[in-house]
Amino acid sequence: MVGLMLGITTKNSVIFSGGFGFADLSSNRPVTGQTLFRMGSVTKSFVAVGILQLAEAGKLKLNQKLRDIAPEVPFTNPWEGSHPIRIIDLLEHTTGFDDMKLNEMYTLEKKDYSDKEMMQFQRHSMVCRWQPGERQSYCNVNYVILGYIIQKITGLEYGQYLKDAILIPLRMSHSNFNLYSKYPDLDVKEYVAPGGKVAEVPSVTALMGPAASLWSSSDDMIHFLQFYLNNGMPLLSENSLAQMEQPHSSLAARAGLHSGYAIGNEEGHYYNRYPWRGHEGIIGTCNSLYLYNRTLGLGFVLSCNGNSSIQPIENLVADFLERNQPDQKFPNPKPLDPSAIQPYLGLYQNAAPRYDLLSFMDMFTLTKVEITDKAVCLNEFGNKTKVIPTGPLTFKKENANKPTIVFAKNATGEPVIIIDGVYCEQVNTFWAYTKIAIILIALLFIIISIFLPLVALISALRKKLTKSTLPLYFLPLLSLSALIWAMTNFSKVQAESYLLYQLREVSTRSLAIFAGTLLFGLLTTVNLALVIKAFSSFKSGFAKWYLLVTAMSFMLITIILLCSGWFGLRTWAM
């Protein structure tokens, strides 16, 4: 890590506020309690507080329809008549929207955008994939819309409203909601360290301000933590703060599960002595979070500017703050009701992907619910986790401090399970495992195709191969090379998310992704057609069938990628 911010506080006294390392390596400027870090999605908590303040003032209602309050928002909801999008759905990520397109996250252009412009940037994601108010799926787009709603109701851009309503009352004097760095003497520089060599990288401009624009310091964030620890004072009533910490809109919440993401505020650390609430955020190369526990009267904030995971430090701080605290007393486990759980036994698959673009990976996230030794177990490819009943259909994992699992029936009456916030639907066991087996076999043939050119050259030298069939041994490798080229470039921007600005325009990287995925599909199709055409001319029966199965394996992967939007992926036009 290049620099680290740390703040620890009680309700009314600061235990520690400061930093370690450097905010700017070029000038040797150290991290202090006033250094401003990019807090990313921590911004959502501030937006949520602002919305709750407007609700307390009677200027909106959490159950109010989005269509009524802002009909100009260009969303599409096929279930609007029976299940409209409400403000609470935006706050708790239960709209069903696809998360923001990767090209609408960052740019290098230093420009301020209005709340309406930022909302319009995200219009392509505003399509409900399932009925609102059923599945929780994290989506930055929801908070961009909320920022626009703040502006529409108050007449102030969201950043100005939040400054007046939250930052000034809490004496967060240096914090701000800026899309890019505007205070070089206070803001951190951003770094990566490939191979251990530290390098400064461009500080990107955020295109989704209400979801991720907060810059703050440990001195300032401590005041925000104390707002929670003092039961909402001076910003919210204690009742509104309790609402903020309680999920409302999802099927899981209606089925009796009270853990997970609430109103711009989520819960975690289920394997500590106590759960901690707060929010985390990533933007550019800054990783941040704040956490608090009102029972303990303690909270802390962390941020780093080096594209590094802060989870090990997060765990150390939480353990340190709990070290002298008594263990929580839990109610005695409820007896298992086999008849209640019997309809829910079977295999489940994630049915609420955050990104449609990556939804094809969900076919590999399978969880089997079974009863073993008179206990319910979650079996993930042989890794069994025993769960303990806390109610007829709610459960907690062993050693967890809260229930995080619930069984329920969805709108169509089908059994579902929500595990740690992930909504999963029951699937046919035979077909699910068959699909995975077929895909794995196809991938095996694709990997082996790397060696086909070598086999072809040897066969040609031994005159066991005709010139007309020679290309069929090289096309699979060319197809695979094109896909690897595309995926390598895509993985680079996923791993180092500050590079996502390169997907916004036609660039070397975005062209590589487009050309690689397009060539993979085209070469695969051509290869299959040529194999079928030349099938009867092969001298070797084994060779013709092997090449046909290989070509079909490539085509299967092509179809899967095509269905998820990967064929000729133009990231600049998503």
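Refer to the preceding data block for the structure.
These lines cover the structure that appears in this document, whether it is placed above or below. (Residues numbered from 1 in each chain as written. Predicted model: local features only at pLDDT ≥ 70, side-chain atom pairs only at ≥ 80, totals over all residues. Heavy atoms only, no water.)

This next bit is on a nonpolar patch on the surface. A surface patch of nonpolar side chains, about 470 Å² in accessible area, is lined by Leu444, Ile447, Ile448, Ile450 and Phe451. The residue Leu444 is located in helix H13 (residues 429-448) in this model. The partly exposed category is assigned to Leu444, whose relative accessible area is 48%. (Patch = residues over 30% accessible without salt bridge, like charges linked within 9 Å, V, L, I, M, F, W, Y side chains within 5 Å. Areas by Shrake-Rupley, 256 points an atom, 1.4 Å probe, with all protein chains shown as cover. Salt bridge = Lys/Arg side-chain N within 4 Å of Asp/Glu carboxyl O. Helix = DSSP H or I, 4+ residues; strand = E, 2+ residues; numbered from the N terminus. Buried < 20%, exposed > 50% of the residue type's maximum accessible area, 1.4 Å probe, protein only.)

With 106 residues, the main nonpolar core has Phe46, Leu66, Leu91, Ile145, Met221 and Phe224 as its most contacted residues. Broken down by element, this core gets its largest block of residues, eight residues, from helix H5 (residues 140-154). Beyond its immediate sequence surroundings of up to four residues, Ile145 is in contact with Leu66, Val73, Leu90, Phe97, Met119 and Met126. Grouped together as the second largest cluster of nonpolar side chains are 16 residues, Trp276, Leu289, Ile310 and Ala318 included. (Core = buried A, V, L, I, M, F, W, Y, C linked by side-chain atoms within 4.5 Å. Contact = heavy atoms within 4.5 Å.)

So, on to the sheet that holds strand E11 (residues 266-268). Strand-to-strand pairing in sheets goes through backbone hydrogen bonds, with the strands running parallel or antiparallel. Spatially, E3-E2-E1-E14-E13-E12-E11 is the arrangement adopted by the seven strands of the open sheet, whose pairing is antiparallel. In this open sheet, the two strands that pair with only one neighbour each are strand E3 (29-30) and E11. Relative to strand E2 (residues 14-24), strand E1 (residues 3-9) runs antiparallel, the two being bridged by seven bridges. Considered in E2, the bridge of Leu6 is made with Gly18. The strands touched by helix H11 (residues 311-322) are E1, strand E12 (276-283), strand E13 (286-293) and strand E14 (298-304); relative to E14, the strand with the most contacts, the crossing angle is about 160°. (Pairing = 2+ DSSP bridges. Axes fitted to C-alpha atoms, helices over the stretch in contact; angles between N-to-C directions.)

This brings us to the packing of H5 against helix H6 (residues 158-167). Between H5 and H6, the least distance of the axes is 8 Å, while the angle of their chain directions is 75°. Classified by the interaxial angle, the pair formed by H5 and H6 is roughly perpendicular. Contact with H5, carried on its side by Gly147, Ile150 and Thr154, involves Tyr158, Tyr161 and Leu162 of H6 and no other residues of that element. Among the residues making up the contact of H5 with H6, the classes are represented as four nonpolar, two polar and no charged. (Parallel < 35°, antiparallel > 145°, perpendicular 65-115°, else oblique. Nonpolar A, V, L, I, M, F, W, Y, C, P; charged D, E, K, R; others polar.)

In this structure the tally under the stated criterion is 23 aromatic pairs. Aromatic pair Tyr113 and Phe121: ring centres 5.1 Å apart, planes at 75°, arrangement edge-to-face. Exposure class is identical for Tyr113 and Phe121. Each is buried. A ring pair is formed by Phe490 and Trp566, whose centres lie 4.9 Å apart and whose planes are at 75°; its orientation type is edge-to-face. (Phe/Tyr/Trp six-rings, centres within 6.5 Å; stacked < 30°, edge-to-face > 60°.)

This next bit is on empty space enclosed by the protein. A complete count under the given rule lists one cavity of 30 Å³ or more for this structure. In terms of lining, the largest cavity is formed by Leu483, Thr517, Phe520, Gly521, Thr558, Leu561, Leu562, Trp566 and Phe567. (1 Å grid on protein atoms, 1.4 Å probe; cavity = no way out; pocket = protein on both sides within 12 Å on 5 of 7 lines; lining within 4 Å. Points joined across faces, edges and corners; volume = space filled by probe spheres on them.)

Close approach of charged atoms allows side chains with opposite charge to pair. This structure, assessed with the given rule, holds 19 salt bridges. A salt bridge links Glu190 to Arg38; the nearest nitrogen and oxygen atoms lie 3.2 Å apart. Remark: Arg38 occurs in strand E4 (residues 37-40) and Glu190 occurs in strand E7 (residues 190-192); sequence separation between them is 152 residues. Take Glu190 and Arg38: they sit in the same class, and that class is buried. Note that Lys402 and Glu267 form a salt bridge whose closest N and O atoms lie 3.2 Å from each other. Of the two residues, Lys402 sits in the loop between strand E19 (394-397) and strand E20 (405-409) while Glu267 sits in strand E11, which places them 135 residues apart along the sequence. The class for Lys402 is partly exposed, based on a relative accessible area of 23%. Overlapping salt bridges bring together Asp98, Lys101, Arg129 and Asp356 as one network.

A few words now on the sheet that holds strand E16 (residues 366-372). Taken in spatial order, the eight strands line up as E15-E16-E17-E18-E19-E20-E21-E22 and close into a barrel, and their pairing is antiparallel. Recorded for the sheet is a direction-independent mean angle of 35° between the axes of neighbouring strands. Bridge count for E20 against strand E21 (residues 415-419) is five bridges, and the pairing is antiparallel. Directly across from Val406, in E21, lies its bridge partner Ile418.

Relative to the helices and strands, His124 is located in the loop between helix H4 (115-121) and H5. Residue classification places His124 among the partly exposed residues on the basis of a relative accessible area of 43%. As for His124 and Asp98, which are separated by 26 residues in sequence, their C-alpha atoms are 8.8 Å apart. Those residues within four positions of His124 in sequence are excluded, and the remaining contacts are Lys101 and Met574.

Note on placement: Ser249 falls in the loop between helix H9 (238-244) and helix H10 (251-254). Looking at Ser249, the relative accessible area reads 2%, which means it is buried. Of note is the side chain of Ser249, whose polar atom sits 2.8 Å from the side chain of Thr94. If we ignore the near neighbours within four places in the chain, the residues touching Ser249 are Arg86, Ile88, Asp89, Glu92, Thr94, Gly133, Glu134 and Arg254. (Polar contact = N/O pair within 3.5 Å; in protein donor to acceptor, adjacent residues only side chain to side chain.)

Counting buried residues along E20, four of its five residues qualify, which places the element largely inside the surrounding structure. Alignment of E19 against E20, held across two bridges, turns out to be antiparallel. Bridging across to E20, Phe395 finds its partner in Ile405. Here E20 folds back onto E21, and the loop between the two strands holds five residues, one of which, Gly413, carries a positive phi near 85°.

Among the five residues of strand E15 (residues 346-350), five are classified as buried, and the element is accordingly described as predominantly covered. Relative to E16, E15 runs antiparallel, the two being bridged by four bridges. Counterpart to Gly346 in the pairing with E16 is Val369. Examined bridge by bridge, E15 and strand E22 (residues 422-427) share four bridges and lie antiparallel to one another. Note on E22: the bridge partner recorded for Asn350 is Cys424.

For the bond running from Met233 to Pro234, omega is 5°, close enough to zero to count as cis. Checked against the element boundaries, Pro234 lands in the loop between helix H8 (218-229) and H9. Positive phi, normally seen in glycine, also occurs at Arg171, with a value near 60°. With respect to the element layout, Arg171 can be found in the loop between H6 and strand E6 (176-177). Given the relative accessible area of 58%, Arg171 is considered exposed. Although it is not a glycine, His269 adopts a positive phi angle of roughly 55°. Within the secondary structure, His269 sits in the loop between E11 and E12. With a relative accessible area of 14%, His269 lands in the buried category.

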